[in-house]
Every structure is written in C-alpha cells, then in structure tokens.
Amino acid sequence: DAGVIQSPRHEVTEMGQEVTLRCKPISGHDYLFWYRQTMMRGLELLIYFNNNVPIDDSGMPEDRFSAKMPNASFSTLKIQPSEPRDSAVYFCASSPDSSTDTQYFGPGTRLTVL
Amino acid sequence: AQSVTQLDSHVSVSEGTPVLLRCNYSSSYSPSLFWYVQHPNKGLQLLLKYTSAATLVKGINGFEAEFKKSETSFHLTKPSAHMSDAAEYFCVVIHSGGGADGLTFGKGTHLIIQP
C-alpha cells in the first residue's frame, strides 16, 4: 500500500481565497483524522471520521473550516475564506479499527496564506 | 480532562550515548499511550504503543518505553543514539472514550544528536 496520500504537498495562496486539501486514506481503514500543526500550538486534532461519518469536529477552529468524506477513499478539508493565521502544516491520518488504534500519517500539506 | 507533558522541548546527546525523552500524563481513564517520531518535512510515524499489556514496551529502531502508573510517566529511552534519530518526538495519550477530547498530543521534544 502507498500509505496515506495527501495533496497538494505545498500550497501558497492569498488571504480570502478558498483552499482545499485532499487526503486518500489507506485502503480498508475505517477512521480518518485531520490535524493541524503549528509552532505555537503544536499538533491539534481538527476532526475525525468513522466509516465516512464525521464523529467529532470539536477541534475545528471556526466556520471557515469544513471537512467532508464522500467515500471511503477520499476526504477534503476546505478553508473559505483563508486567513494568514491558517498557515500551518495539515496532516491527514488513518486508522484501521478504532480511534484509539495506531494512526498512519500522510506527509502533510504545508499551507501558506499571504 | 487529560493532558500530556513532555518535560523537555529540546534534548541534545552525543552519538553513541543513551537517550531519555520524558513524558508525563494525566488521565481519568485507563489510557493508551504512544510515542511517534517526526523527521523533518515528514508525517508522524509510530515508534511504540502501550495498551495495558506489558509495561515495558519495545518499539522500532531500538527505542523502548516503560509505563509507570504510580509516576504517571511513559518515558522513551534508547541505549545508544544514532545520527538518524535526530527528529521531533511526540508522546500521545488516548483514553477509551476516544473523540477529539480523548486524544492528546504532547508539544514535542526535539532530539539533537551531536557527532
């Protein structure tokens, strides 16, 4: 398996633009997680899905952020409109069996909002 | 509520000497504990995990950690550091309730290996 795939790897955009980050989890994994990593706040869990259903989105910072998982092999994290403080590395991870199981992380998307 | 404290933001050791990365946790539930490693510009990779079996857990690349309930600690050790160990290390606690509140990452410890 290729592991968790994220695209793009780098994204530079201007304030106010819409940004869409994409993730393909490992095949057969039932859980998918979105994280944000910054120097100031460390690694934060934003939202996670079980069998394509959002289970807990309490980590999503505000309404500008939304996440979807239309099928078992694809998820998106959208920021609209983007702001400079959204600049961070966004990771997607998947887990086979439960939210307490080992998570397999993608390489991340480095987002810079100018 | 639960929390994870990684006591050192940076640790510097010489190649060939022991490594100790400290992690203390608090949890109202029986936790699962993990150590992940992140190399520059990479995603996180699991080093090892404790899930209420043996208290001494062995992981990849010669790392191990010991769960000490009385001390609420889960320190990561390695007998002899290698240059390739230079990375960021994260201690993670997950309680059985799961959810965003049930998963907590430490702030990370940056391990520096001196030649």
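Predicted model, so just to flag it, every value in this text is computed and none were measured.

Scoring rules and cut-offs
- Residues numbered from 1 in each chain as written.
- Chains lettered and ligands numbered in written order.
- Predicted model: local features only at pLDDT ≥ 70, side-chain atom pairs only at ≥ 80, totals over all residues.
- Heavy atoms only, no water.
- Pairing = 2+ DSSP bridges.
- Helix = DSSP H or I, 4+ residues; strand = E, 2+ residues; numbered from the N terminus.
- Axes fitted to C-alpha atoms, helices over the stretch in contact; angles between N-to-C directions.
- Buried < 20%, exposed > 50% of the residue type's maximum accessible area, 1.4 Å probe, protein only.
- Polar contact = N/O pair within 3.5 Å; in protein donor to acceptor, adjacent residues only side chain to side chain.
- Contact = heavy atoms within 4.5 Å.
- Buried area = accessible area lost by both parts, 1.4 Å probe.
- Salt bridge = Lys/Arg side-chain N within 4 Å of Asp/Glu carboxyl O.
- Nonpolar A, V, L, I, M, F, W, Y, C, P; charged D, E, K, R; others polar.

Student: How would you explain the sheet that holds strand β3 (residues 19–24) of chain A if you had to name every residue and give the values?
Tutor: All names here are of chain A. One open sheet accounts for four strands, arranged β1-β3-β8-β7; its pairing is antiparallel. Where the open sheet ends on each side, the last strands, each with one partner, are β1 (5–7) and β7 (65–71). Between one strand axis and the next, the sheet turns by 15° as a mean value, whatever way the strands run. The pairing of β3 with strand β8 (residues 74–79) spans five bridges and is antiparallel.

Student: Summarise the side chain of B:Lys78; cite the residues concerned and give the values.
Tutor: Residues and elements named next belong to chain B. Relative to the elements of secondary structure, lysine 78 occurs in strand β9 (residues 73–78). Residue classification places lysine 78 among the buried residues on the basis of a relative accessible area of 10%. Separated by 2.8 Å, the side chains of lysine 78 and aspartate 85 make a polar contact. Not counting chain neighbours up to four residues away, the residues in contact with lysine 78 comprise Pro18, Val19, Asn61, Gly62, Phe63 and Asp85.

Student: Give me the interface of chain A and chain B: which residues, what numbers.
Tutor: The interface of chain A with chain B comprises 21 residues on the first partner and 20 residues on the second. When chain A packs against chain B, the two sides together hide about 1,500 Å² of surface, and 55% of this comes from carbon and sulfur. Taken together, chain A and chain B are joined by zero salt bridges. The interface formed by chain A and chain B contains four residue pairs in polar contact (both at pLDDT 80 or more). For the side of chain A that touches chain B, the elements supplying multiple residues, two or more each, are β4 (31–38) and β5 (42–50) of chain A. Residue composition of the side of chain A that touches chain B, by class: nine nonpolar, seven polar and five charged.

These values are about where atoms sit, not about what they do.
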